[in-house]
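Take a look at the letters that make up each chain.
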Amino acid sequence: MDVKRVMVIGAGQMGSGIAQVCAGAGYSVMLHDLKEEFVERGLGTISKNLQRQVSKGSLQEDEKQEVLTRINKSTNLDNAKEVDLVIEAAVEKIEIKTNLFASLDELTQPHTILASNTSSLPITEIAAATKRPEKVIGMHFMNPVPVMKLVEIIRGLATTDETYAVIEDMTKKLSKVPVEVNDFPGFVSNRVLMPMINEAIYTVYEGVAAPEAVDEVMKLGMNHPMGPITLADFIGLDTCLYIMETLHEGFGDNKYRPCPLLRKYVKAGWLGRKSGRGFYIYE
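Please read all numbers here as calculations on a predicted model, not as lab measurements. (Residues numbered from 1 in each chain as written. Predicted model: local features only at pLDDT ≥ 70, side-chain atom pairs only at ≥ 80, totals over all residues. Heavy atoms only, no water.)

On to the overall build of the protein. Counting its secondary structure elements, the protein contains eleven helices and eight strands. For 283 residues, the compact-globule estimate of 2.2 N^0.38 gives 19 Å, and the protein sits close to it at 19 Å. Across its three principal axes, the protein shows a C-alpha extent of roughly 55 × 45 × 35 Å. Out of the 283 residues belonging to the protein, those deemed buried represent 49%. For the protein, the share of sequence-separated contacts (at least 6 apart) that also reach a separation of at least 24 residues comes to 67%. For the protein, the computed accessible surface area is about 13,600 Å², with 53% contributed by carbon and sulfur atoms. (Helix = DSSP H or I, 4+ residues; strand = E, 2+ residues; numbered from the N terminus. Rg over C-alpha atoms; globule rule 2.2 N^0.38 Å. Buried < 20%, exposed > 50% of the residue type's maximum accessible area, 1.4 Å probe, protein only. Contact = heavy atoms within 4.5 Å. Areas by Shrake-Rupley, 256 points an atom, 1.4 Å probe, with all protein chains shown as cover.)

Written out as structure tokens, the structure is:
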């Protein structure tokens, strides 16, 4: 199957980034969200990202306009009838995703592949909400999407080789690097990354070192481009907590137990960069 038309569901940071790279690779894209203001905000982010590339000389003004003309707005899920691939980048809650996939299963054409950008939830469970589990797959893009090369491609229990091959090929056309991963909590990226972040938060919680010191040790000693505490603030502490809870529940192992300090900050509304305060304060 040749993918020509793509719907991206969710016009937030991840969804708008996915829409941008798809349109940039020549695909016709429908950017969908619940309200037009959300879609407009997503388009504004895309336009700003592309303008930055124009300013750097890596993109021409006419190329920027071409990319933007390939993106259409959508607030009606019925528009999914027109596409070959849906990439869902909605909120990271299993009930929302399964309900959405059940609706998409009814609306889309039989050949349409349904992909989820979930960072930790089971693809097999999402696929079970449809009558086409063989055409359900995970496409976990990294943030920020236009910059990061990796896409984890996650097979559900029933995902066919044909579905995998279509998504692998498309990922390469997006100038990304596809890596095949099986369906386990957190996949590879978050199963490795989040416990490291959680342990870094434990070192702050137990008084081993201040956030700045933890970040400096990991940057200068381990050559990480960004310290784990700074990274947690960038990702969002609520997102970090949710993924740790998913790992803890999925594996039943106490090594994945979220740090109490992480819970406290989330309850306080200190979610990191997006809320203006996390382990650091942002103006």
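Take the side chain of Thr98 next. Following the sequence through the fold, Thr98 ends up in helix α4 (residues 94–107). Of the residues examined, Thr98 reaches a relative accessible area of 17% and is grouped as buried. Apart from residues no more than four positions distant in its own chain, Thr98 is found in contact with Glu125, Ile126 and Ala129.

Glancing now at the UniProt feature "binding site: NAD(+)" (unreviewed entry) in the protein. The sites that UniProt annotates as "binding site: NAD(+)" (unreviewed entry) are Gly10, Ala11, Gly12, Gln13, Met14, Gly15, Asp33, Glu92, Lys97, Ser119, Asn143 and Lys274. A maximum C-alpha distance of 23.2 Å is found for the annotated residues, which run over 265 residues; spatially they are spread out rather than grouped. Looking at the secondary structure, you find Gly10 in the loop between β1 (5–9) and α1 (13–24). For Gly10, a relative accessible area of 9% translates into the label buried. Look past the residues within four positions of Gly10 in its chain and what remains in contact with it is Gly15, Ser16, Leu31, His32, Asp33 and Ala89. Among the structural elements, Asn143 can be located in the loop between β6 (136–141) and β7 (150–155). For Asn143, a relative accessible area of 25% corresponds to the partly exposed category. Setting aside its immediate chain neighbours within four residues, Asn143 contacts Gln13, Met14, Met148 and Phe234. In this structure the side chain of Asn143 is engaged in a polar contact, spanning 3.5 Å, whose partner is the side chain of Gln13. (UniProt positions renumbered as here; feature names shortened; annotations may be inferred. Polar contact = N/O pair within 3.5 Å; in protein donor to acceptor, adjacent residues only side chain to side chain.)

Next up on the list: the UniProt feature "domain: 3-hydroxyacyl-CoA dehydrogenase C-terminal" (unreviewed entry) in the protein. According to UniProt, the feature "domain: 3-hydroxyacyl-CoA dehydrogenase C-terminal" (unreviewed entry) maps to residues 186–282 in the numbering used here. The distance separating the terminal C-alpha atoms of residues 186–282 is 28 Å; by composition the span is 62% helix and 0% strand.

Attention shifts here to unusual backbone geometry. Of the consecutive residues Asn143 and Pro144, the connecting peptide bond is found in the cis state with omega at 0 degrees. Tracing the sequence through the fold places Pro144 in the loop between β6 and β7. A positive phi angle is found at Ser175, which is not glycine, with a value near 65 degrees. Summarising the element assignment, Ser175 is placed in the loop between α6 (161–173) and β8 (177–182). The class for Ser175 is partly exposed, based on a relative accessible area of 48%. With a phi angle near 65 degrees, Asn223 is a residue other than glycine that sits in the positive phi range. Relative to the helices and strands, Asn223 is located in the loop between α8 (211–222) and α9 (228–235).

Ranked by internal contacts, the top residues of the largest apolar core, which has 37 residues, are Val6, Cys22, Leu31, Leu85, Ile87 and Phe141. Looking at this core element by element, the count peaks at six residues for α1. With sequence-adjacent residues up to four places away left out, Val6 is seen in contact with Cys22, Tyr27, Ser28, Val29, Met30, Val83, Leu85, Ile87 and Met170. Listed in part, the 24 residues of the second largest apolar core include Val204, Ile229, Leu241 and Ile243. (Core = buried A, V, L, I, M, F, W, Y, C linked by side-chain atoms within 4.5 Å.)

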